[in-house]
Amino acid sequence: MPEQLIQIEPQGQVLLLRLNRPQALNALTSDLLGQLRAALEAAAADEQVRAVLITGAGRAFSAGQDLADPLVAPDGSPKDIGLMLEHHYIPLALRLRSMPVPVVAAVNGVAAGAGANLALGCDLVLAAEGASFIQAFGKIGLVPDCGGTWLLPRLVGRAKALELALLGDKLKAVDAERLGLISRVVPDAELLDAAMAVAHKLAGLPTRALVETRRALDEALKLDFDAALQREAALQRQLGFAHDYQEGVAAFMDKRAPRFKDR
Ligand code: LHQ
């Protein structure tokens, strides 16, 4: 049996995925990254799953790339660490960004390097008060990866993105929230319950509309205002023909809870 590096815990319509190498602060090995991607693929294919929640086992969310992994650890001979990105991080970041259900990150402790950007690539990011974020790349002679160069300036603007990436200092969760890097900070003991409540709330909402909202916001960053308006009309047209719009309006009129099913 391969070591279970991702604990998979279904909780109703929410699939909880726990990074599970606590002895190494959930540092990311190729095996762990492969198991995480497989778990996300399975969640994407499972109609019963309507939201995913990602957290870390132990005291950290993730210390980023496992620097002891022979695939990346410098050993005197030239190492093509770009291959690690091409084989693991790019497919993972793309899988995350195109999940057919919303994905929540519950950052339970330090999130460094690719571990930080894995969390920031989720749709909603909650963090424990004791958690922190470190763009650790510069200190080891690298650039932010796992989507960091794209995400950081969009989340916090160029000035703060450069400060975080160039200095690589530890950013406390409260400061991350203040900057707009994450959605919410909660007391340590309440993190998982709060994140699970958010994930369950998302699971009860019209999944397809949520996913199209993520896509529309990302795409709008590349569009001018006129084009964004046209895109909204096209999406609204599609969603207006779908079940969940009928159901949402009917439930509102009938003063009852809606039962959404589109994915
Ligand atoms: C670790 C790690 C780690 C292995 C802690 N690896 N063992 C992509 C592709 C290719 C190449 C390279 O990079 C990338 C993307 C990236 O993610 S680059 C960024 C990689 N991450 C880092 O540089 C962060 C390194 N870690 C740290 O700075 C600290 O460990 C943090 C600030 C995360 C936590 O500090 P502490 O709470 O003081 O814990 P610690 O340093 O004592 O770590 C506990 C253990 O975990 C320790 O092992 P040991 O056997 O001594 O108990 C560390 O060696 C191990 N560990 N991070 N990335």
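Scroll up to find the structure.
Predicted model only: the values in this text are computed from it and were never measured. (Residues numbered from 1 in each chain as written. Predicted model: local features only at pLDDT ≥ 70, side-chain atom pairs only at ≥ 80, totals over all residues. Heavy atoms only, no water.)

Asker: Quick rundown of the overall build of the chain? Include the residues and the values.
Answerer: The helix and strand inventory of the chain stands at 10 helices and 10 strands. Its C-alpha atoms give the chain a radius of gyration of 19 Å, within 12% of the compact-globule value 18 Å for 263 residues. Over its C-alpha atoms, taken along the principal directions, the chain stretches across nearly 65 × 45 × 35 Å. For the chain, with 263 residues in total, the buried portion stands at 46%. For the chain, long-range pairs separated by at least 24 residues make up 68% of all intrachain contacts whose partners lie at least 6 apart in sequence. In the structure as shown, the chain presents an accessible area of about 13600 Å², 58% of it carried by carbon and sulfur atoms. Seen as two clouds, the 28 positive and the 31 negative side-chain charges of the chain have centres 4 Å apart. (Helix = DSSP H or I, 4+ residues; strand = E, 2+ residues; numbered from the N terminus. Rg over C-alpha atoms; globule rule 2.2 N^0.38 Å. Buried < 20%, exposed > 50% of the residue type's maximum accessible area, 1.4 Å probe, protein only. Contact = heavy atoms within 4.5 Å. Areas by Shrake-Rupley, 256 points an atom, 1.4 Å probe, with all protein chains shown as cover. Lys, Arg positive; Asp, Glu negative; His and termini not counted. Charge placed at Lys NZ, Arg CZ, Asp CG, Glu CD.)

Asker: With reference to specific residues and values, describe the site of the ligand.
Answerer: Close contacts around the ligand come from 22 residues, with Arg 59, Ala 63, Gln 65, Leu 67 and Ala 114 the closest. Interatomic distance of 2.9 Å between a backbone N/O atom of Ala 63 and a nitrogen atom of the ligand. Within the contact set of the ligand, a nitrogen atom lies 2.9 Å away from a backbone nitrogen or oxygen of Leu 67. Within the complex, 63% of the 1000 Å² of free accessible area of the ligand lies under protein. Tallied by class, residues from the shell around the ligand come to 16 nonpolar, 3 polar and 3 charged. (Near = heavy atom within 4 Å. Polar contact = N/O pair within 3.5 Å; in protein donor to acceptor, adjacent residues only side chain to side chain. Nonpolar A, V, L, I, M, F, W, Y, C, P; charged D, E, K, R; others polar.)

Asker: I'd like to hear about a negative patch on the surface, residue by residue, with values.
Answerer: Where like charges cluster on the molecular surface, the negative patch consists of Glu 129, Asp 188, Glu 190 and Asp 193. Following the sequence through the fold, Glu 190 ends up in the loop between strand 10 (184–186) and helix 7 (191–203). (Patch = residues over 30% accessible without salt bridge, like charges linked within 9 Å, V, L, I, M, F, W, Y side chains within 5 Å. Salt bridge = Lys/Arg side-chain N within 4 Å of Asp/Glu carboxyl O.)

Asker: For the pattern of salt bridges, give the residues involved together with the corresponding values.
Answerer: Working definition: two side chains of opposite charge can pair if their charged atoms are close together. Evaluated as defined, the whole model comprises 12 salt bridges. One salt bridge connects Lys 79 with Asp 75, and the closest N-O pair in it is separated by 2.9 Å. One salt bridge in this structure joins Asp 175 and Arg 178, with 3.3 Å as the shortest N-O distance. Residue Asp 175 and its partner Arg 178 are both found in helix 6 (residues 173–179); the two are separated by 3 residues, about one turn of the helix. Its relative accessible area of 62% is what places Arg 178 among the exposed residues. Linked by salt bridges that have partners in common, Glu 247, Asp 254 and Arg 256 make up one network.

Asker: Go over helix 8 (residues 207–220) with me, naming the residues and quoting the values.
Answerer: Here helix 8 contains 14 residues, and its C-alpha end-to-end distance of 20 Å stays within 8% of the 20 Å for a straight helix at 1.5 Å per residue. Taken together, the buried positions of helix 8 are occupied by Thr 207, Val 211, Glu 212, Arg 214 and Asp 218. The arc that holds every buried residue of helix 8, seen down its axis, measures 150°, which confines them to one face. Each element contacted by the buried residues of helix 8 is listed here: helix 2 (82–97), helix 4 (148–156), helix 9 (225–240) and helix 10 (243–254). (Expected span 1.5 Å × (residues − 1). Arc of directions from axis to C-beta.)

Asker: Mind laying out the pairing of strand 1 (residues 6–11), listing which residues take part and the relevant values?
Answerer: Where strand 1 meets strand 2 (residues 14–19), 6 bridges bridge the pair, whose relative direction is antiparallel. Looking at strand 2, one finds that Ile 8 is bridged to Leu 17. Between strand 1 and strand 2, which pair antiparallel one after the other, the connecting turn spans 2 residues, and Gly 12 there sits at a positive phi close to 65°. (Pairing = 2+ DSSP bridges.)

Asker: I'd like a rundown of unusual backbone geometry, residues and numbers included.
Answerer: Peptide bonds are mostly trans, and most non-glycine residues show a negative phi. For Cys 146, which is not glycine, the phi torsion reads 55° and is therefore positive. Secondary-structure assignment places Cys 146 in the loop between strand 8 (132–134) and helix 4. Residue Cys 146 is classed as buried on the basis of its relative accessible area of 9%.

Asker: Would you mind going over the side chain of Asn 117 in detail, with residue names and values included?
Answerer: Relative to the elements of secondary structure, Asn 117 occurs in helix 3 (residues 114–120). Its relative accessible area of 1% is what places Asn 117 among the buried residues. Of the polar contacts made by the side chain of Asn 117, one reaches the backbone oxygen of Asp 145; its length is 2.8 Å. Apart from residues lying up to four places away in sequence, Asn 117 is in contact with Gln 135, Phe 137, Pro 144, Asp 145, Cys 146, Gly 148 and Leu 151.

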